[in-house]
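The chain contents come next:
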Number of protein chains: 2
Amino acid sequence: MKQRPTIKDVAKRAKVSLSTVSLVINNKGYVSQSTREKVERVIRELGYHPTRSARDLALRKSGNIGFILTNDHFTQSEPFYTKIFLGAEFEAQKHDYYILLTTVEKKFDSLNSIPRFLKEQNVDGVLIAGQVSIELIAYISSMNIPIVLIDYDVENHKHSTVLMNNYRGTQLAVEHLLELGHKEIGFLGGDLDHPSIYQRYLGYKDSLDNAGIIIKDSWISAKEPDTKQQDGYNAARAFLNNGESLPTAIIAANDAMAIGCLRHFTEAGIKVPDDISLIGFDNIERSYHVKPPLTTIDVNKFEMGETAVRTLTETIINGNGYVNHIKIPVTLIVRESTDKNVDHHIKKRTHHK
Amino acid sequence: MKQRPTIKDVAKRAKVSLSTVSLVINNKGYVSQSTREKVERVIRELGYHPTRSARDLALRKSGNIGFILTNDHFTQSEPFYTKIFLGAEFEAQKHDYYILLTTVEKKFDSLNSIPRFLKEQNVDGVLIAGQVSIELIAYISSMNIPIVLIDYDVENHKHSTVLMNNYRGTQLAVEHLLELGHKEIGFLGGDLDHPSIYQRYLGYKDSLDNAGIIIKDSWISAKEPDTKQQDGYNAARAFLNNGESLPTAIIAANDAMAIGCLRHFTEAGIKVPDDISLIGFDNIERSYHVKPPLTTIDVNKFEMGETAVRTLTETIINGNGYVNHIKIPVTLIVRESTDKNVDHHIKKRTHHK
DNA sequence: GCAGTTTATCGAAGCGCTTCGATAATTTCG
DNA sequence: CGAAATTATCGAAGCGCTTCGATAAACTGC
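Residues numbered from 1 in each chain as written. Chains lettered and ligands numbered in written order. Predicted model: local features only at pLDDT ≥ 70, side-chain atom pairs only at ≥ 80, totals over all residues. Heavy atoms only, no water.

Engineer: Even after reading the chapter, I still don't get unusual backbone geometry, so can you show me in this structure?
Structural biologist: With the exception of glycine, most residues fall at negative phi, and the peptide bonds are largely trans. Residues and elements named next belong to chain A. Cis geometry marks the peptide bond from Val-272 to Pro-273; its omega dihedral reads 5°. Position of Pro-273 relative to the elements: it lies in the loop between helix H11 (255–267) and strand E9 (277–279). Its identity as a non-glycine residue notwithstanding, Arg-60 has a phi of 55°, on the positive side. Within the fold, Arg-60 resides in the loop between helix H4 (52–59) and strand E1 (64–70). Given a relative accessible area of 68%, Arg-60 falls into the exposed group. (Helix = DSSP H or I, 4+ residues; strand = E, 2+ residues; numbered from the N terminus. Buried < 20%, exposed > 50% of the residue type's maximum accessible area, 1.4 Å probe, protein only.)

Engineer: Just to check I follow, could you spell out the packing of helix H8 (residues 166–179) of chain B against helix H9 (residues 195–210) of chain B for this structure?
Structural biologist: Each pair of packed helices can be summarised by the angle the axes make with each other and by the distance between the axes. Residue and element names in this part refer to chain B. Packing of H8 against H9 leaves a shortest axis separation of 7 Å and a crossing angle of 40°. Taken together, the axes of H8 and H9 lie oblique to each other. With respect to the hand of their crossing, H8 and H9 are arranged in right-handed fashion. Listed contacts from H9 to Asn-166, Tyr-167, Thr-170, Gln-171 and Val-174 of H8 are Ser-196, Gln-199, Arg-200, Leu-202, Gly-203, Tyr-204, Asp-206, Ser-207 and Leu-208. (Axes fitted to C-alpha atoms, helices over the stretch in contact; angles between N-to-C directions. Parallel < 35°, antiparallel > 145°, perpendicular 65-115°, else oblique. Left-handed = near helix turned anticlockwise from the far one by under 90°. Contact = heavy atoms within 4.5 Å.)

Engineer: I would appreciate a short explanation of the packing of aromatic side chains in the present structure.
Structural biologist: Remark: the centre distance and the inter-plane angle together describe each pair of aromatic rings, the angle taken between the planes. In the structure shown here, the tally under the stated rule is 17 aromatic pairs over all chains. A ring pair is formed by Tyr201(A) and Tyr204(A), whose centres lie 6.3 Å apart and whose planes are at 45°; its orientation type is tilted. Linking Tyr201(A) with Tyr204(A), this pair stays in helix H9 (residues 195–210), spanning three residues, or about one helical turn. In terms of burial, Tyr201(A) and Tyr204(A) fall into one category: buried. Their ring planes at 65° and their centres at 5.6 Å tell us that Phe187(B) and Tyr201(B) sit as a pair that is edge-to-face. One end of the pair, Phe187(B), is in strand E6 (residues 185–188); the other, Tyr201(B), is in helix H9, with 14 residues separating them in the sequence. (Phe/Tyr/Trp six-rings, centres within 6.5 Å; stacked < 30°, edge-to-face > 60°.)

Engineer: How should I be thinking about the domain arrangement of chain A in this particular structure?
Structural biologist: Accessible area lost upon the coming together of the parts serves often as the stated size of an interface. All names here are of chain A. Each assigned domain of chain A is listed with its residue range as follows: domain 1 (7–50), domain 2 (64–165 + 301–329) and domain 3 (166–299 + 334–350). Across the boundary between the two partners, domain 2 contributes 10 residues, which contact 15 residues of domain 3. Broken down residue by residue, the surface that domain 2 buries against domain 3 is led by Met-164, Asn-165 and Lys-301, which jointly contribute 52%. Linking domain 2 to domain 3 there are one salt bridge. In this structure, the salt-bridge partner of Asp-298 is Lys-301, at a minimum N-O distance of 3.7 Å. Taken together, the residues that form the side of domain 2 that touches domain 3 break down as four nonpolar, two polar and four charged. (Domains from an automatic or database assignment. Buried area = accessible area lost by both parts, 1.4 Å probe. Salt bridge = Lys/Arg side-chain N within 4 Å of Asp/Glu carboxyl O. Nonpolar A, V, L, I, M, F, W, Y, C, P; charged D, E, K, R; others polar.)

Engineer: Please clarify how the protein's contact with DNA strand C should be interpreted in this entry.
Structural biologist: Taken together, 25 residues form the shell around DNA strand C, and within it Ile7(A), Ser22(A), Lys28(A), Tyr48(A) and Thr35(B) come nearest. Per the 4 Å cut-off to the protein, sugar and phosphate atoms form 70% of the nearby atoms of DNA strand C. Note that a phosphate oxygen of DNA strand C is positioned 3.0 Å from one of the side-chain N or O atoms of Asn26(A). Residue assignment for the surface near DNA strand C shows that the elements contributing at least two residues are helix H2 (18–26) and H4 of chain A together with helix H2 (18–26) and helix H4 (52–59) of chain B. Residue contributions to the surface near DNA strand C peak at four residues, all from H4(A). Its residues assigned to classes, the surface near DNA strand C comprises 11 nonpolar, 10 polar and four charged. (Near = heavy atom within 4 Å. Polar contact = N/O pair within 3.5 Å; in protein donor to acceptor, adjacent residues only side chain to side chain.)

Engineer: For this particular structure, what's the right way to read the environment of Val10(A)?
Structural biologist: All names here are of chain A. Note on placement: Val-10 falls in helix H1 (residues 7–14). Sequence separation of Val-10 and Tyr-48 is 38 residues, and the distance between their C-alpha atoms is 7.6 Å. Setting aside chain neighbours within four positions, we find Val-10 in contact with Val-21, Val-39, Val-42, Ile-43, Leu-46 and Tyr-48.

Engineer: Would you explain the packing of helix H10 (residues 229–241) of chain B against helix H11 (residues 255–267) of chain B in this entry?
Structural biologist: Residues and elements named next belong to chain B. Interaxial distance between H10 and H11 falls to 6 Å at its minimum, and their mutual angle equals 45°. With respect to H11, the element H10 is oriented oblique. For the pair H10 and H11, the sense of crossing is right-handed. Contacts between H10 and H11 pair Gln-229, Asp-231, Gly-232, Tyr-233, Ala-236, Arg-237 and Leu-240 from the former with Ala-256, Met-257, Ile-259, Gly-260, Cys-261, Arg-263, His-264, Phe-265 and Glu-267 from the latter. For the contact of H10 with H11, the class distribution of residues is eight nonpolar, four polar and four charged.

Engineer: What's the story with the relation of the copies chain A and chain B in this structure? I'm lost.
Structural biologist: Here the second copy of the chain follows from the first by a rotation about an axis and a shift along it. Overlaying chain A on chain B yields an RMSD of 0.2 Å, the required transformation being a rotation through 180° with an accompanying axial translation of 0.1 Å. One copy is carried onto the other by what is essentially a two-fold rotation axis. Taking C-alpha positions as the reference, the residue of chain A nearest the rotation axis is Ser53(A), at 2.4 Å. Taken as a fraction of all interface residues of chain A, those also at the interface in chain B reach 100%, which identifies the copy contact as same-surface. (Least-squares fit on C-alpha atoms with pLDDT ≥ 70 in both.)

So this is what it looks like as structure tokens:
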């Protein structure tokens, strides 16, 4: 196996010094036209290409960016972060970066939670997707490595973030329902401590406020501990048992909860959308296959990944301190779980049975 | 920003030479218990960790493995290679490798098709998923870089391969149909030149042969140029118009074709599985949502990725020449598109109308 | 008790590249 | 026309690590 040529071979063959070759490769300093051409010719002849690790060592950088997420994401059925990752991967390729992927435990453990690529100084910047421990973020931050957070917002706004426009999402949902003639619109949330969910709640609340509608407490459910299907199911039951009349439409914090809610409604004989309209959020695969298909809010995950990489490379170039908060637009997907508010008095009777 | 400690700092502080520290880190050569402990203590105190690029340069390796696929895969809706990639990613993590992903054009172009990580000598081995140009494979091979092919088999068996057991898949399908009492079993294939499809065809043919059933030409369709849904649709039409009676069951080369076939049958008033049973292959997402849900053959894609990485790391360690051909097992997923062969004479009448 | 091993440590060279001066040749222009 | 600035090239040092001898001390065993 014959060795690949090094910069030395190029220099020898072109009868110039190592440094000159380096200058040509990097388009730096002063090199006369003639020697530049000579060197370039030799490079072509030899099929030379600089070796990554040598260059990295000399430049004290890596050409990689790290992608961190908690290890439960990939095992989830919904490929949310997978799509973000792919978007990032493609954008990174454009900027001549490679992405090193790693997963970490949800809870921080200073021994094991530090991704290897950080210890090895093998990344120039880091993408963090979803809710990782703030200790880890702080640790990376303390190493002075640029960070971009995706779909997760920490309180201090020290790092750039790429979020979906949660607020705008529920706003769209409310607008859609208002157009359909609904006035009594509920919100089925889970854990309001989660920033995204809270934003969705706010978008809902503000929109109704602006429409001059006074929200009744009984329209809102936010007692469930999480935002999974089961929580939606439970929340739906709570709705039915609170002694108050149901709103004519419900916006769920996400599709999973909406689907759980839908299931309970179906069991309880409440028809969606005839008796009540229902909107989800996230546009997960299943929201399309459920009966009836869910009206929901979609965000382009691929674009989130792309944008994150673009932001990160800019931070790498411009140095830290460059902070950017980007909201990726969302769109309303109208399917069959929402319908006109025909006559809500009939409905009240229906679900009081 | 204070510099991270280097091996030099460790040496100084531990009052030993650079080389001794290196020996300790790598567990090599002779080091007395006492100095070993001393060095290890200092390493801990300083929070030292060797830097990747320096080590790579010295060792002339990279600690990365490349993952190549053609650029159309990720744009396809079916996340087939995505799952393989994730399997590979996780397994790589266990072996302390990072995966560098890249896509290449289907047709080889010596200028642009060479992945950057190859030019930069930035990978110790390469995973190739799907049908990439043989020129590229030959090129990589000529650089003496270990290769493992996934879901693609080139003629010369110079490289390790990880394939799904296509042959076994259609064998399972035939067994299933035989148990249901079918004797007239057709095969709806596309491009038989594709090795995977051909293996599926062989599994079908051999199984019927072994069962003592003589296959009629009219049961087999293999004239379509590709294996997409439209090809299945067209093939189904050809089946109906060939003047012969239909078999009582059909095995399609893949789910896409099966779904196309199903669509045409539905349009033609032929009921699946009442009039004819139908089996797909691949277990794509849609095969589950179609009416009726498709009986099909599933393979664990994640496992394919894992196995490929395991094979590759072994080749990297043991040197080339270590060649392994692995077939990942498949399983039959019985859903609603197959049923007992009740009375096929009635059926014949049905579809002759 | 001494030649031959084994164990322990270290200095120096080397991996392939970048970059900082130093030197020299060429150009500018007051 | 000569001092200063610009252009061109190169040698050497350095990036942080591994590894090959060299050297020396500590054991073998006869």
